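Listed below are the residues making up each chain.
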Amino acid sequence: MSVVIDVFSLLDCELEEEKAQHRTKFNQLLTACKSFISESLYKERLDQDTLEGLGLINSRTTFQQKYVKTKTRLYYKQQKYNLLREESEGYAKLLTELSQEITEKVTPNTLLMTIQSLIGCFNLDPNRVLDIILEVFECRSHLEDLFVSLIKLYMRDQKTVCSTVCHMLGFKFQFYQDGGDVKTPDSLYKIAALLLEQQLINLETLYPHLSPKDSAMFDEQKQVMNEAKQYARKFSIVSLTDKSDKIEELDIKIDQIENNQKLGLCHALLQVGEWTTAKLIMDRLPRHSAPARTDIAKALCALIHVIIDPLYKAKNDMSAQVLRSKLDSKLTNNAKLSLVSTYEEFAERAVKMMTYVGPNMALDPVLLMKLIRLSRVYMEKRDKTIPLTQDTIFQGILTMLDEVILPSLSLLENNCGISEEIWSVLKQMPYQYRYRLYGHWKNETYSLFPQLIRARTDCLEKAKYIMKRLTKENVKQLGRYFGKLSHSNPGILFEYVLSQIQKYDNFILPVVDSLKYLTSISYDALAYCLIEALANPDKEKMKVDEMNISKWLQSLASFCGSVFRKYSIELSGIVQYLANQLKADKSHDLLILREIVLKMAGVEISEEITDDQLNAMAGGDLLRQEGGYFAQVRNTKKSSVRLKDALLENSLAMPLCVLMSQQRDCIVYKEGGNAHLKLVGKLYDQCLDTLVQFGTFLSTQLSASEFVCKLPSIDVLTIKYHMAPDAAFFLSRQMYASSIMSKFDELRKIDKSNKENTSKQKTIRFIEAWETVLLPVVEAVKPIHPPSVWKDLTPQFYVTFWTLSIYDLFVPNDAYNKQIEQIKKQLVAIEDNWEMAANKKKKEKERCVALMDKLRDEEKKQEEHVNRVMARLKDEKDTWFTHEGVSKNDTITQVFQLCVFPRCCFTATDAVYCAKFIQILHDLKTPNFSTLICYDRMFCDVTHTLTSFTENEAHRYGRFLCFALGTLMRWHGDKAIYEKECAQHPGFVTQFRKDNVAGSQLDYENYRHICHKWHFRTTKAMVSCLESGNYVSIRNALILLIKILPHYPKMINYGNALERRVDRICQEEKDKRQDIYALAIGCAGQLKIMKKNWILETEFHIRDKKKPAASNGPGVSKAPASSENTVTAATANSKKTDIGLKDDKTNVKNDKKVERVSVTTSEIKLSKSESKNKVEVKKEAGDASSQAAAKEKSSSKSDESSVKDKPKKEKNDKEKSSSRDKTKKDGEKKEKSSKDKDDKEKDKIYKEDKDRGSKDDKEKSKSHKSHKDNKRDKEKKDPGSRASSVTSNGSQGSHAKRQSAEPDDKDIKRRKVEVSSSPMKSQAASEDDREHKVEKKRERREERTKDEESLNESKRRRNEDDKHAGKGSSSKQNGHNDEIGRKASPKGQNQSQSTSRSDTSLSTDKKKKDSKRSRSSSRERKVDKRSSKKKSL
């Protein structure tokens, strides 16, 4: 029936009054249903209007009034007991019963029966009785079990109990909210917590009664955070007041609303162990605001103590007495607490509770120690096969360290014990996880907590105080303060210290010394802070000029090297950072690696190395350590081992080498795309130097087995990893040497067993060991270069050249002796030092004596080794250049391109090695190797080579040329030495026959001519670079010139030409490019010092004396060219190469005098535009000569092939003549085009001369104005003076011409006298002046015509020399000398230079006499013309 009446009720609500028909039918339905539905159901469910329509009620209004009264009586009328009816005795008895002493007889049931009887007897209000029970419970809270059970029995309905008790407790809390200074008692919090724990009340119902509101607490937290930030901001403000004024500290008000009932209830819940409900309250409040209160934090820590106690006792190895701790008995007896007994439960439950504590765990250091030790035990015993990313326990420990332990360390006061305990956990983690923890701790955690913001501010204030007072004298005292600060806040401290080091590099040494009191975790945090500072994206690593590395990066690099050397700091992070930077094509940070290797291993790379140090670098390890470096870094054994271990553990030794080798190309083609050439060169040099330094360190630290395991083969390095051969062989060279010596020792043991241990047998065994080790390398290098390369030189020579070192070629006996002498001086000084203690003196003497013995043994071993290597080279030399049909020019080209040039620019020792190796090739009389062509290729033209060098490469190339020039000048200086070392050597053969039966040797005087030509070519290249205006060319030319000054220049004319260029650069670059200016000043000073050693050109080589042609080999008569197949050195050489080596048909003849370089007065008069024109003409002539040389090269190859097939000789001759005709035509075309270009330049020169002449005329007119007036006055007085004025004007015109050639003092005085002796004015004087101008212009035209003729003549001679290579080398040389002479003479120095050269050249005197005669005849003609004109007037 209930469902039916519900349907009727819904229809009654939905039917509208407007639909009367529907309403009528509905009423009829209800009336019909009265028979089985009671009226009470109708009255309960239907509307009042419907009931009135059905007749169930009489009046709707009356029924409504009755309904309201009944509802009010039931729900809103309060049941009150008459207080007079209630007896106070009942309440008194109730209090007596609740306050009685509780014994075993008193149980909740008996107590409940007594209370019920009192309520019934004295008619007590049950609600008041419950309130009294709660009041007594609050006073006797220790009887929690009794009263909790009593309340449960008193209120049997759970819902009623929850609602009623919550409201009653809420009213109690509200009473204390309005109570003024009266705080909420702790007993009220406790009974609320107990009732919540027993679930007798609901937090959702009680929470609205608590104060303050949540919004107020959020506002409070914001205010606290702002106050902390304001506190930090005030310390960063620079105060202009007295230093004694102190900033007032702000009081920390964590709880501005003192009576915070929500936090009080949370504290009570934690005390009773009700973590779940307390967590709900803390989740409603601002994060970390509840644990910020000390009592809540301590309560939570106490709860964690109890929870982790079982696990701590199980995993700790300490005794039971030590583990016995006083825990809260109430919490330990709480059966509802879920204790932790495994690490899984620890990570799931305990860690979550710790995150709510945060940095406030600093209040309980004991708990911190427990947590750290539990973590350490797990990290030591964890299963290493499980990845860290999948280890949930490890992730929990990581969270605990990040959010709890490290932030708590910031609030601890200098607790180094806990710091070391934390490190015992962190050191078992990879550095990536550690650095992530440090970064979050320093950059994020400090900004989340107000107390940490204040701690950071206090730490910075103390750090500033220390850094202001830190000096070398008080390092020990202030270092302790550093240590104390670093125990708690290492990241904040080191960030500030590094910022000061970046600004002031003089802080580096004091700071490094003051860091000795740090803990292990502080050192590790310092390494992280260094990497963070280096990787700061907001700092530019280049200076504003974009050409130099920033000062802050240099300071940090130096600090890195010092601190990593002195202290045991893990290097994995910094090394990986450098590798990542190289992967990203960034090479600026290689400076850091360079400093680390320098400071930790003592391996130094410097281009400023002296010759003595360079000589010492050719010795053994001990000699290099003692005499090869500027700063003898001692005690590097431990630090170098640490660096090696860090590289091997992270597998970064060889990857770093490969990355640095690849980075050299990236600097040029990627990183330095738009950068200045100076910057690109510096970065390239830095990359190469660091690679050499790092590779040297690895070669000294890694054993041969480690090298073999880590380093790939040479073909893999070059082909797969795209490493340049020079770098690949540099890394592999030590490995090959060690392998050879190991194999040699094995073979020697066999000989010892067979009692065959002679020196000859040792040499044989050494050669066998060499071949065994290097034969696979010979096969491995073949794919590196195309097959055509191996036609010019063999892989055996290639491998031999690249695998040997300077140590293998010669013994630096002078360096050994010098070092031994220094040690002897030390012994004498030790003996004379009376202040030194006897024991210490004895130890120092023993050390020095042992060092001398070691040096002598090392020298002896090296001598034996060098002898074995030389024996091996003699045995192998015949296999180096064995291919037939290959010209020696091509062979030398490949040797220079693939061997000499790459290696001589690699290091300074390699530069010396290349020069020594070439000398050894000559001394060994290597077949098919021409020493003359080699040296000629070296000095033919260094211009293009210089322009492609970086600064350091120019230094190394200069050393290479210096050593080569030393050898050449030693041969040049003594005929006996030349005859002994060169005369009978195949390297000085001027004819190369296929049969190798005989050849013409170069005699001593022709060799001196060739040396003169090499000096000329070098001078020409130097002048070209110095006058180019290009930064790189000028810088490299100055560097090269400084390096080769001991042997070049040797002749006065070349030296003066270079000196003038250098002086001009000093003047031009003084206020522009300071580095060029500094180099030029240094070079000029050294040139002046060496000037005393310069000689005349006639002393350098004999030019006038006629000598017969160079004879053929002994016993061989001179044969015609058609019957022998000869290849001249001039033909075999490259473009513009003419070393004076002739075939049988065109042997060297001295019938013609070799013209030397002379700078005449007419050549000095060339203007800048004419010099430019000459350079262009020379360039075009050089192109024509290069084409001719190429044609002659092809013709020489055809001559070689004619030996095999004589019938083809005539055909080859025809082809040769046709090629010469073609070359001649090409030269004529080239000459025509150059002539057109010369005409354009001449027009330009004429225009400039015209402008210059007009300017000179204006100046002359001013100077002659007074003279004209004086002449006119004199004419009026004395008509006869007119003739003298004419004579004076004529002489003045001749003097004007002589003035361009620097007139002497007599001419100047005579001119003054003549000018002063003509005071008359006349109209004819102006006409004389015009005649003087016309005559001057005519003279200029004549001079220009002469200059053009000389240019055309020199150009014609060069073209003829190019066409007929092998004939007239001296004339070609003279053409180049003339160019240099003309270019070498600046304006204003004509007279002095021509005078200085008049003593050294007969041709110069002859030219001067001719010029004087021409000038005197021209003067006479001018005087005659003028006198005739004056007579006619």
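Keep in mind that what you see is a predicted model, and the values were worked out from it rather than measured.

A short note on the overall build of the protein
And then number 1: Per the secondary structure count, the protein includes 66 helices and 2 strands.
And then number 2: Buried positions account for 52% of the 1433 residues belonging to the protein.
And then number 3: Accessible surface, the protein as shown: approximately 70,800 Å² in total, 51% of it carbon and sulfur.

Some words on a nonpolar patch on the surface
And then number 1: A grouping of Met1, Val4 and Phe36 is seen on the molecular surface, where their side chains present a nonpolar patch of about 270 Å² in accessible area.
And then number 2: Note on placement: Met1 falls in the segment before α1 (2–14).

Focus on the environment of Leu717
And then number 1: The topology assignment puts Leu717 in helix α38 (residues 714–720).
And then number 2: Separated by 15 residues in sequence, Leu717 and Ser732 have C-alpha atoms that sit 9.9 Å apart.
And then number 3: In contact with Leu717, other than residues within four places in its own chain, are Val658, Leu711, Pro712, His722, Met723, Ala728 and Ser732.

Section: the packing of helix α14 (residues 261–272) against helix α16 (residues 294–315)
And then number 1: The contact between α14 and α16 brings their axes to 9 Å, and the two run at 20°. One finds that α14 runs roughly parallel with respect to α16. As for the relative orientation of α14 and α16, their crossing is left-handed in sense. Residues Leu263, His267, Leu270 and Gln271 of α14 form the contact with α16, whose own contacting residues are Asp295, Ile296, Ala299, Leu300 and Leu303.

So, the side chain of Arg868
And then number 1: Residue placement: Arg868 occurs in helix α45 (residues 838–876).
And then number 2: Look at Arg868: it is buried, it has no salt bridge, and the nearest opposite charge is Glu864 at 4.3 Å.

Some details on the environment of Met660
And then number 1: Structurally, Met660 can be placed in helix α35 (residues 653–671).
And then number 2: A relative accessible area of 0% places Met660 in the buried class.
And then number 3: C-alpha of Met660 to C-alpha of Asp689: the two residues are 29 residues apart in sequence and 9.9 Å apart in space.
And then number 4: Met660 has contacts with Leu582, Leu590, Leu593, Cys687, Thr690, Leu691 and Phe694, leaving out every residue within four places of it along the chain.

Structural notes on the packing of helix α24 (residues 450–469) against helix α25 (residues 475–488)
And then number 1: α25 packs onto α24 with a crossing angle of 160° between their chain directions and a minimal axis gap of 10 Å. Looking at the two axes, α24 sits roughly antiparallel to α25. Where α24 crosses over α25, the two elements pack in a sense that is left-handed. Contact with α24, carried on its side by Cys459, Lys462, Ala463, Ile466, Met467 and Arg469, involves Leu478, Tyr481, Phe482 and Leu485 of α25 and no other residues of that element.
And then number 2: Partitioned by chemical class, the residues of the contact of α24 with α25 number 8 nonpolar, no polar and 2 charged.

Some details on the confidence of the model for the protein
And then number 1: Chain-level statistics for the protein give a pLDDT mean of 75 and a share of 71% at 70 or above.
And then number 2: Between residues 1105–1212, whose pLDDT stays under 50, and residues either more than four places distant or in other chains, the model counts 234 contacts.

A word on unusual backbone geometry
And then number 1: Geometrically, the link from Ser211 to Pro212 is a cis peptide bond, its omega value of 0° lying close to zero.
And then number 2: When you line up the elements, Pro212 lands in the loop between α12 (203–206) and α13 (214–236).
And then number 3: Look at the link from Tyr1048 to Pro1049: it is a cis peptide, with omega at -5°.
And then number 4: Examined against the element boundaries, Pro1049 turns out to sit in the loop between α53 (1031–1043) and α54 (1052–1068).

Brief notes about the pattern of salt bridges
And then number 1: Across all of its chains, the model carries 44 salt bridges by this definition.
And then number 2: Between Glu532 and Lys442 there is a salt bridge, and its shortest N-O distance comes to 2.8 Å. Within this pair, whereas Glu532 is found in helix α28 (residues 520–534), its partner Lys442 is found in helix α23 (residues 431–443), the two being separated by 90 residues in sequence.
And then number 3: Judged by its relative accessible area of 26%, Glu532 is partly exposed.
And then number 4: Among the salt bridges present, the one from Arg903 reaches Asp910, with a minimum N-O distance of 3.1 Å. Each member of the pair, Arg903 as well as Asp910, carries the same accessibility label: buried.

Looking at the nonpolar core
Considering soluble globular proteins, one finds that nonpolar side chains tend to be buried as a cluster.
And then number 1: Grouped together as the largest cluster of nonpolar side chains are 346 residues, with contacts concentrated most on Phe346, Met429, Phe559, Phe564 and Phe960.
And then number 2: Residues within four places of Met429 in sequence aside, it is in contact with Met379, Phe394, Ile397, Leu398, Leu401, Arg434 and Leu437.
And then number 3: Among the nonpolar cores identified, the runner-up in size contains 12 residues, and Ile5, Ile37, Tyr42 and Leu51 belong to it.

Remarks on helix α47 (residues 908–923)
And then number 1: Spanning 16 residues, α47 covers 23 Å between terminal C-alpha atoms, matching the ideal 22 Å at 1.5 Å per step.
And then number 2: Taken across its 16 residues, α47 has 14 buried, putting it largely inside the fold.
And then number 3: Once α47 ends, the next one or two residues include Lys925, with phi positive near 55°.

Re the side chain of Arg140
And then number 1: You can see Arg140 is positioned in the loop between α8 (126–139) and α9 (144–154).
And then number 2: Among buried Asp, Glu, Lys and Arg side chains, Arg140 stands out as unpaired, with Glu101 the closest opposite charge at 7.9 Å.
And then number 3: In this structure, Arg140 is in contact with Leu98, Ser99, Gln100, Glu101, Ile102 and Phe147, ignoring residues within four places of it in sequence.

A closer look at the packing of aromatic side chains
And then number 1: According to the stated counting rule, one finds 44 aromatic pairs in the structure shown.
And then number 2: Judged by centre distance (5.6 Å) and plane angle (80°), the rings of Trp971 and Phe988 are edge-to-face. With Trp971 in helix α50 (residues 951–973) and Phe988 in the loop between α51 (975–981) and β1 (991–992), the pair connects residues that are 17 residues apart, well separated along the chain.
And then number 3: Residue Trp971 is classed as buried on the basis of its relative accessible area, which comes to 0%.
And then number 4: By the ring-pair criterion, three or more aromatic residues cluster together here, those being Phe729, Trp790, Phe797, Tyr798, Phe801, Trp802, Trp880, Phe881, Tyr913, Phe917 and Phe929.
And then number 5: The ring of Trp834 carries the charged tip of Lys841 above its face, separated from the ring centre by 5.3 Å.

Focus: helix α40 (residues 759–781)
And then number 1: The end-to-end C-alpha distance of α40 is 32 Å, a good match for the 33 Å that 23 residues give at a rise of 1.5 Å each.
And then number 2: The axis of α40 is deflected most strongly, by about 40°, at Leu774, and proline Pro776 appears within four residues downstream.

Overview of the environment of Gln576
And then number 1: Within the fold, Gln576 resides in helix α30 (residues 572–583).
And then number 2: By relative accessible area, Gln576 is classed as buried at 19%.
And then number 3: Put simply, Gln576 and Asn650 are 74 residues apart on the chain and 8.1 Å apart in space, counted from C-alpha to C-alpha.
And then number 4: Those residues in contact with Gln576 that lie beyond four places of it in its chain are Tyr431 and Leu652.

Criteria and thresholds
Residues numbered from 1 in each chain as written. Predicted model: local features only at pLDDT ≥ 70, side-chain atom pairs only at ≥ 80, totals over all residues. Heavy atoms only, no water. Helix = DSSP H or I, 4+ residues; strand = E, 2+ residues; numbered from the N terminus. Buried < 20%, exposed > 50% of the residue type's maximum accessible area, 1.4 Å probe, protein only. Areas by Shrake-Rupley, 256 points an atom, 1.4 Å probe, with all protein chains shown as cover. Patch = residues over 30% accessible without salt bridge, like charges linked within 9 Å, V, L, I, M, F, W, Y side chains within 5 Å. Salt bridge = Lys/Arg side-chain N within 4 Å of Asp/Glu carboxyl O. Contact = heavy atoms within 4.5 Å. Axes fitted to C-alpha atoms, helices over the stretch in contact; angles between N-to-C directions. Parallel < 35°, antiparallel > 145°, perpendicular 65-115°, else oblique. Left-handed = near helix turned anticlockwise from the far one by under 90°. Lys, Arg positive; Asp, Glu negative; His and termini not counted. Nonpolar A, V, L, I, M, F, W, Y, C, P; charged D, E, K, R; others polar. pLDDT = per-residue confidence, 0-100. Core = buried A, V, L, I, M, F, W, Y, C linked by side-chain atoms within 4.5 Å. Expected span 1.5 Å × (residues − 1). Phe/Tyr/Trp six-rings, centres within 6.5 Å; stacked < 30°, edge-to-face > 60°. Lys NZ or Arg CZ within 6 Å of the ring centre and 35° of its normal. Bend = angle between axes of the 7 residues up to and from the residue.

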